[in-house]
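One-letter residues, chain by chain:
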Amino acid sequence: METALEYFGVVTGLLYLFLEIRQHRAMWIIGFMTSFVYVVVFFLAKVYADMGLNLYYTGISLYGFWQWSKQRKSTSRKEPTQEAILYRHVTSRLLGGILGSIGIIFLVIYFSLAQFTDSPIPAGDAFTTAIGIVATWMLARRIIEHWLFWVIANAVSIYFYYVRGLYPTMFLYFCYTLLAIVGWYTWKKKGEESYDKDL
C-alpha cells in the first residue's frame, strides 16, 4: 500500500508542477491530493518534518486556491480573454524576513525532531521543511524567486529520500529540481511583472 501511495504521489506531484509552471489554479487541487498522500508516505518512512510540511501544504492549498481565484476575478475585468502569468519580485526587506523565517523555522523543527522523535535525518528534514513552508507562501503571493528556493530544497531532498529508500520520491524530486528551473525560466520569459498590491 505504501508503495502504491508513493507512486500515486509521484504522478500527481508531477502534474502539480506542470500546472504550477502554467499558473493554472487547478494546481492547488492537485497539490492538496498530493500532499494528503505524502502525509501517510512520510509518516511510514519516519520523515516527520516532511510529513508535517505536507499537512501544511494541504492547508495552504486551500489558501492558494482562494487567493488565486480572487486574483483571477480582479484581472479578468481588465483582460477577460487572456490569462497572463503574473509575478512579482522579492524586495530586499522581504528577503531578509524570508531568510530570517527560514532560520527560525529550521531551529524549531530541528530541535523538535532531535529531542522528541526517532528521525534519522533531523537536520536535513528540518532544512528542506523550513524552505518549503516559506517557498509555498511565496508561491501563493506569486513571488518569482520562490522557484530558486525550490531548486535548493528539492536538490537537497534527492539525497535524503535516497537515504530513506524512497526511490520513486527521489525521482520525483529530481524532476522537481529540473522543473523548478524550467518554471523560473517560463515565468521570467512569458510572464508579466505586476505591481498590484493585491497579488
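You'll find the structure just up there.
To start, this report covers the structure provided alongside it. Because the structure is predicted, anything quoted here is derived from the model rather than measured. (Residues numbered from 1 in each chain as written. Predicted model: local features only at pLDDT ≥ 70, side-chain atom pairs only at ≥ 80, totals over all residues. Heavy atoms only, no water.)

Summed over the entire model, instances satisfying the criterion amount to one salt bridge. A salt bridge links lysine 46 to aspartate 118; its shortest N-O distance comes to 3.2 Å. Of this pair, lysine 46 sits in the loop between α2 (27–44) and α3 (48–76) while aspartate 118 sits in the loop between α4 (92–116) and α5 (122–140), placing them 72 residues apart in sequence. The partly exposed category is assigned to aspartate 118, whose relative accessible area is 43%. (Salt bridge = Lys/Arg side-chain N within 4 Å of Asp/Glu carboxyl O. Helix = DSSP H or I, 4+ residues; strand = E, 2+ residues; numbered from the N terminus. Buried < 20%, exposed > 50% of the residue type's maximum accessible area, 1.4 Å probe, protein only.)

Before going further, it helps to spend a moment on a nonpolar patch on the surface. Together, Phe8, Ile29, Phe32, Met33, Phe36, Leu62 and Phe65 make up a nonpolar patch on the protein surface, roughly 650 Å² of accessible area in all. Those elements that provide at least two residues to the nonpolar patch are α2 and α3. Top contributing element to the nonpolar patch by residue count: α2, with four residues. Of note, phenylalanine 65 is situated in helix α3. Given a relative accessible area of 31%, phenylalanine 65 falls into the partly exposed group. (Patch = residues over 30% accessible without salt bridge, like charges linked within 9 Å, V, L, I, M, F, W, Y side chains within 5 Å. Areas by Shrake-Rupley, 256 points an atom, 1.4 Å probe, with all protein chains shown as cover.)

Attention shifts here to the environment of aspartate 50. Its location among the elements puts aspartate 50 in helix α3. Accessibility expressed as a relative area gives 4% for aspartate 50, which makes it buried. Taking the C-alpha atoms as reference points, aspartate 50 and aspartate 125, 75 residues apart in sequence, are found 6.4 Å from one another. When residues no more than four places from it in sequence are discounted, the contact partners of aspartate 50 are Phe42, Asp125, Thr128, Thr129 and Tyr161. (Contact = heavy atoms within 4.5 Å.)

By themselves, these figures tell us nothing about what the structure is for.
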